[in-house]
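Structural overview
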Amino acid sequence: MSNFKRRDFIKTTAAAGVGATLFAPNIVKGKDDRKVRIGFIGVGGRGRSHLRNILLRDDVIVPAICDIDPEAITKAQKMIKDAKQKAEAYTEGEFAYEKMLDRDDLDGVIISTPWLWHTRMAVAAMRKGKYAGVEVSAANTIEECWDLVETYEETKVPCMILENVCYRQDVMAVLQMVREGVFGELLHYRCGYLHDLRGVKFNGESGAEFGPGSHGEARWRTAHSLHRNGDLYPTHGVGPVALMADINKGNRFVSLTSTATKARGLNDYIVKKAGEDHPNAKLKWKLGDVVTTTVTTARGETIIITHDTNLPRPYSLGFRVQGTNGLTDFDYHTRRVFIEGTSKGHGWEEAKPYLEKYDHPLWKKYGEYAKGSGHGGMDFFVAHAFVESIKRKVNPPMDAYDAAAWSAITPLSEMSIANNGEPQSFPDFTRGRWMTRKNDFALNDEF
Ligand SMILES: NC(=O)c1ccc[n+]([C@@H]2O[C@H](COP(=O)([O-])OP(=O)(O)OC[C@H]3O[C@@H](n4cnc5c(N)ncnc54)[C@H](O)[C@@H]3O)[C@@H](O)[C@H]2O)c1
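Note that this is a predicted model, so its numbers are computed, not measured.

Glancing now at the overall build of the protein chain. Along its length, the protein chain carries 15 helices and 16 strands. Its C-alpha atoms give the protein chain a radius of gyration of 22 Å, within 12% of the compact-globule value 22 Å for 447 residues. Taking the principal axes of the C-alpha coordinates as reference, the protein chain spans close to 60 × 55 × 40 Å. Across the protein chain, contacts joining residues at least 24 apart in sequence account for 74% of those joining residues at least 6 apart. Of the roughly 18400 Å² that the protein chain leaves accessible, carbon and sulfur atoms contribute 53%.

See the structure below:
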């Protein structure tokens, strides 16, 4: 039994390993008291939100943190001190994390750094026997996708992509509906990342600065829009869909085609903020404002993924799940369903009764507890799954194969756009094992 509890939350957890696959245990052995020791690489905005959730648990110790930004370290150290813990900080240069990974008292690390560091850090963590929990996206190139898979296969140390949206309450209820056959046989999905990031990509005195001297993600994220044209952030949308579609577990992504509109939004924003004489107003942005990708699967489904981060618009992940019996469109603002024989007439039905009826058992169990953990509660679940997988020494629910297949959408979409929408084949990262692997995501009653 686990000793997991927080504040007034004292529910015990079930026996270890239900529904999960054991792997060769070459990682640091858990202690009898089942306390897990987790280090943090990157304690910026996202790293500290993970840290906050982790520090609320009584089954995790945080012995070490790493960041190159002294301000981020100071903020994180205050949180750690407030939680009555003590962590050593690694701050000396961009490779200080390697020193931290040499410690023998870490079971896992949570990596919340800029994208270009993710694979390098996750691979280093696995090689040093530490579970790698890596923020999204996990990889930038097809080579990096293979690095994640091959390092996992070689070391048998798991890598979990920390895709929190897979645990969103409505997403998990729809997953239950899928599993119970409410939509019939599935054919089509839509999803994406439609988020006005202009205020994230630019800040500083003029409101139009990025790179060194700016703060937060503007320091590193914006450069990708200058140099790359593709779906730069696919996993919030495609992660949940991949789990519904059994990707890598009975099904796989086969190919994609991508197209992009022209790039106008960022230039328009800079001119409005800082005037047309601002040096950044002269830049030629490569990222098309709306990138549309269509993925085909081995089972004959299609998935339309939209990336839309440069224009004024409300936040949306734009989910649609459609099968032979009906479909749902759902988002933070609108959730609707049409099921043949149940929904009256030709109109949509409000999804609320369905989402309540099919509320996932994990949400029934931990929903109250999760509230306030960030992003409507889903941040609790993703960190919880990481911690519980380490405790039980089992593979996490979203693994290196998922990290590779979901992240591969970015480089493949770039190649497709660069070649006039030419179809690009997905590598089969499972090397054929997708045919026999089983989808056990969130099927045990713990994580
Ligand atoms: N899942 C989600 O909901 C969600 C939300 C926000 C961000 N993210 C992801 O989390 C990651 C981090 O984003 P963020 O918003 O925290 O960015 P951020 O810029 O606020 O933080 C990144 C941190 O990494 C540090 N860093 C950079 N290079 C480093 C190195 N070599 N070694 C150690 N530290 C280094 C920076 O100093 C900074 O403190 C990104 O991949 C982002 O896409 C995910």
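Turning our attention to the site of the ligand. With respect to spatial proximity, 27 residues lie near the ligand, and among them R46, D67, H118, E217 and W220 are the closest. Between the ligand and the protein, one listed contact pairs an oxygen atom with a side-chain N or O atom of W115 at 3.0 Å. Between the ligand and V136 there is a distance of 3.0 Å, counted from an oxygen atom to a backbone nitrogen or oxygen. Alone, the ligand offers 840 Å² of accessible surface; in the complex the protein occludes 92% of this. Elements supplying a minimum of two residues to the shell around the ligand: α1 (45–55) and α4 (118–127). Of the residues assigned to the shell around the ligand, the class counts are ten nonpolar, ten polar and seven charged. Here the shell around the ligand spans two domains, since at least three of its residues come from each of domain 1 (2–165) and domain 2 (166–360 + 400–435).

Right, let's get into the pairing of strand β11 (residues 302–308). Every regular strand shows the same layout, with side chains that alternate between the two sheet faces. Counting buried residues in β11 gives five out of seven residues, a clear majority hidden from the surface. The sheet contact formed by strand β8 (residues 186–194) and β11 spans seven bridges and is parallel. Along β11, the bridge assignment pairs H188 with T302. Across seven bridges, the pairing between strand β10 (residues 290–297) and β11 is antiparallel.

A word on the domain arrangement of the protein chain. Once the domains are mapped, the protein chain shows domain 1 (2–165) and domain 2 (166–360 + 400–435). Domain 1 and domain 2 are separated by 26 Å when their C-alpha centres are compared. Facing 23 residues of domain 1, the contacting portion of domain 2 comprises 34 residues. Between domain 1 and domain 2 lies a buried interface of about 2500 Å² when both sides are counted; carbon and sulfur atoms form 66% of it. Inspection of the domain 1/domain 2 interface yields four salt bridges. In this structure, R431 and E150 form a salt bridge, with 3.7 Å as the shortest nitrogen-oxygen distance.

Another point: the UniProt feature "domain: Gfo/Idh/MocA-like oxidoreductase N-terminal" (unreviewed entry) in the protein chain. Under the feature "domain: Gfo/Idh/MocA-like oxidoreductase N-terminal" (unreviewed entry), the UniProt entry names residues 36–161. Annotation note: span residues 36–161, helix share 43%, strand share 20%, distance between end C-alpha atoms 18 Å.

The mixed open sheet is built from nine strands, whose spatial order is β15-β14-β13-β12-β8-β11-β10-β9-β16. Unpaired on one side and paired on the other, β15 (349–350) and β16 (424–425) mark the two borders of the sheet. Here helix α9 (residues 235–244) sits on the sheet and contacts β8, β9 (253–260), β11, β12 (319–323) and β13 (326–330); the angle it forms with β8, its principal contact strand, is near 160°.

Burial runs high along α1: nine of the eleven residues are buried. Every buried residue of α1 is listed here: R46, G47, R48, S49, H50, L51, N53, I54 and L55. Turning to α1, the residues buried within the fold contact β1 (36–41), β2 (60–61), α2 (70–82), β5 (108–111) and α13 (378–392).

Moving on, we get to the pattern of salt bridges. The final tally for this structure, using the stated rule, is 34 salt bridges. Salt-bridge contacts for R431 lead to E153; the nearest nitrogen and oxygen are separated by 3.0 Å. With a gap of 278 residues between them, R431 in the segment after β16 and E153 in helix α5 (residues 142–155) connect regions that are remote in the sequence. Here D329 and R320 are joined by a salt bridge, their closest N and O atoms 2.7 Å apart. Take D329 and R320: they sit in the same class, and that class is buried. One salt-bridge network, held together by shared partners, links R57, D59, E388, K391 and R392.

So, about the packing of aromatic side chains. Counted under the stated rule, the structure contains 24 aromatic pairs. Here the aromatic rings of Y167 and F381 are separated by 6.1 Å at their centres, their planes lie at 5°, and the arrangement is stacked. Highlighted residues: Y167 in the loop between β7 (159–161) and α6 (169–179) and F381 in helix α13, separated in sequence by 214 residues. The exposure class assigned to Y167 is buried, which follows from its relative accessible area of 1%. We classify F381 as buried; its relative accessible area is 2%. Above the ring of Y332, the side-chain terminus of R168 is found at 4.2 Å from the ring centroid. When the ring centre of Y233 is taken as reference, the NZ or CZ atom of R221 above it lies at 4.4 Å.

Time to look at α13. Between its terminal C-alpha atoms α13 stretches 21 Å, which fits the 21 Å expected from 15 residues at 1.5 Å a residue. Within α13, 15 of the 15 residues are buried, which leaves it mostly tucked inside the rest of the structure. Following α13 by one or two positions, K393 has its phi on the positive side, about 55°.

Let's shift gears to the environment of C166. Along the polypeptide, C166 turns up in the loop between β7 and α6. Setting aside residues no more than four positions away along its own chain, C166 makes contact with V171, M172, G239, P240, L243, M398, W406 and F441.

Looking now at the confidence of the model for the protein chain. Confidence in the prediction for the protein chain averages 92 pLDDT; 93% of positions are at 70 or higher. Confidence drops under pLDDT 50 across residues 7–32; counting only partners more than four residues distant or on other chains, this segment forms 58 contacts. Scored as a complex, the prediction yields pTM 0.94 and ipTM 1.00.

Definitions and cut-offs
- Residues numbered from 1 in each chain as written.
- Predicted model: local features only at pLDDT ≥ 70, side-chain atom pairs only at ≥ 80, totals over all residues.
- Heavy atoms only, no water.
- Helix = DSSP H or I, 4+ residues; strand = E, 2+ residues; numbered from the N terminus.
- Rg over C-alpha atoms; globule rule 2.2 N^0.38 Å.
- Contact = heavy atoms within 4.5 Å.
- Areas by Shrake-Rupley, 256 points an atom, 1.4 Å probe, with all protein chains shown as cover.
- Near = heavy atom within 4 Å.
- Polar contact = N/O pair within 3.5 Å; in protein donor to acceptor, adjacent residues only side chain to side chain.
- Nonpolar A, V, L, I, M, F, W, Y, C, P; charged D, E, K, R; others polar.
- Domains from an automatic or database assignment.
- Buried < 20%, exposed > 50% of the residue type's maximum accessible area, 1.4 Å probe, protein only.
- Pairing = 2+ DSSP bridges.
- Buried area = accessible area lost by both parts, 1.4 Å probe.
- Salt bridge = Lys/Arg side-chain N within 4 Å of Asp/Glu carboxyl O.
- UniProt positions renumbered as here; feature names shortened; annotations may be inferred.
- Axes fitted to C-alpha atoms, helices over the stretch in contact; angles between N-to-C directions.
- Phe/Tyr/Trp six-rings, centres within 6.5 Å; stacked < 30°, edge-to-face > 60°.
- Lys NZ or Arg CZ within 6 Å of the ring centre and 35° of its normal.
- Expected span 1.5 Å × (residues − 1).
- pLDDT = per-residue confidence, 0-100.

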